[in-house]
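# Residue-level structural notes
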Amino acid sequence: MKQNNSLYKAAALLGVDTDSLKGLPEHTQNAMVTVVEVMKIDEQDGVNIAYTELERLWLGGLLESGMREIAGATGIPYKTLSILPDKARQEIYYAFCYDSKDIEGIYRLVQTALSSLELKNVSDVLNIPLAELEKLPNEVQEQLCGMYAMEYGDENLAVNLRELYNMLWLI
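Thresholds, definitions, all that
Residues numbered from 1 in each chain as written. Predicted model: local features only at pLDDT ≥ 70, side-chain atom pairs only at ≥ 80, totals over all residues. Heavy atoms only, no water. Helix = DSSP H or I, 4+ residues; strand = E, 2+ residues; numbered from the N terminus. Rg over C-alpha atoms; globule rule 2.2 N^0.38 Å. Salt bridge = Lys/Arg side-chain N within 4 Å of Asp/Glu carboxyl O. Core = buried A, V, L, I, M, F, W, Y, C linked by side-chain atoms within 4.5 Å. Buried < 20%, exposed > 50% of the residue type's maximum accessible area, 1.4 Å probe, protein only. Axes fitted to C-alpha atoms, helices over the stretch in contact; angles between N-to-C directions. Parallel < 35°, antiparallel > 145°, perpendicular 65-115°, else oblique. Left-handed = near helix turned anticlockwise from the far one by under 90°. Contact = heavy atoms within 4.5 Å.

## Quick word on the overall build of the protein
Regarding its fold elements, the protein presents 11 helices and 0 strands. Each helix and strand of the protein, ordered N terminal to C terminal, gives the series α-α-α-α-α-α-α-α-α-α-α. For 171 residues, the compact-globule estimate of 2.2 N^0.38 gives 16 Å, and the C-alpha radius of gyration of the protein, at 20 Å, exceeds that figure by more than 25%. Expressed as lengths along the three principal axes of its C-alpha atoms, the size of the protein is roughly 60 × 40 × 25 Å.

Take a look at the structure:
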């Protein structure tokens, strides 16, 4: 009963129906209950912090549920979808919501996301902010990630990636 009361409070803070929260993954519901029970939602600062955390959990839970639905509809393993960056998962989810019958389009989006999965590691090796690399055309991101994947562990990885980055930047 205490959990239902806490979920009701979470739903009230978010401005959504309690039943919509009950449809989220159990671990998300438990995290929301913890936020409500730990935060001092009697004070304005506590309400603001709780709202921010609840919103993050809610959106994450919706996205996770969406990825499970997409996995069921497309045959793409959920595990594959779950390793993608949030930005890619959101794009895939929006595309699926727009046209759930465009399975080929969903596969293209997943393939593009998978081909740039190592971009964070490329960012670390090149010491270039991830946000800057994300601005590059998809083809350039894919080539950088491909080289990273092929040469991971090679002592010349950073030099080779830097040369490829500089060459692609000039094109």
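And the narrative resumes.
## A word on the pattern of salt bridges
All told, the structure shown has 5 salt bridges when counted by the stated rule. Salt-bridge contacts for glutamate 64 lead to arginine 68; the nearest nitrogen and oxygen are separated by 3.4 Å. Taken together, the positions of glutamate 64 and arginine 68, both in helix H4 (residues 44-74) and 4 residues apart, correspond to about one turn of that helix. Residues aspartate 124 and lysine 120 are paired through a salt bridge, measuring 2.8 Å at the closest nitrogen-oxygen approach.

## Here we look at the nonpolar core
The biggest cluster of nonpolar side chains holds 14 residues, and the ones touching the most others in it are Val122, Leu126, Leu133, Leu136, Leu144, Leu161 and Tyr165. Elements that contribute at least two residues to this core include exactly helix H8 (119-126), helix H10 (138-151) and helix H11 (157-170). The element best represented in this core is H10, accounting for 5 residues.

## Details of the environment of threonine 34
With respect to the helices, strands and loops of the structure, threonine 34 is situated in helix H3 (residues 26-38). The exposure class of threonine 34 is partly exposed, given its relative accessible area of 44%. Separated by 27 residues in sequence, threonine 34 and leucine 7 have C-alpha atoms that sit 9.7 Å apart.

## Description of the packing of H4 against helix H6 (residues 86-98)
In contact at an axis separation of 10 Å, H4 and H6 are set at 60° when each is read in the N-to-C sense. Between H4 and H6, the crossing angle belongs to the class labelled oblique. At the point where H4 passes H6, the crossing takes the left-handed sense. Only Asp86, Arg89, Gln90, Ile92, Tyr93 and Phe96 of H6 make contact with H4, whose side of the interface consists of Leu63, Gly66, Met67, Glu69, Ile70 and Ala73.

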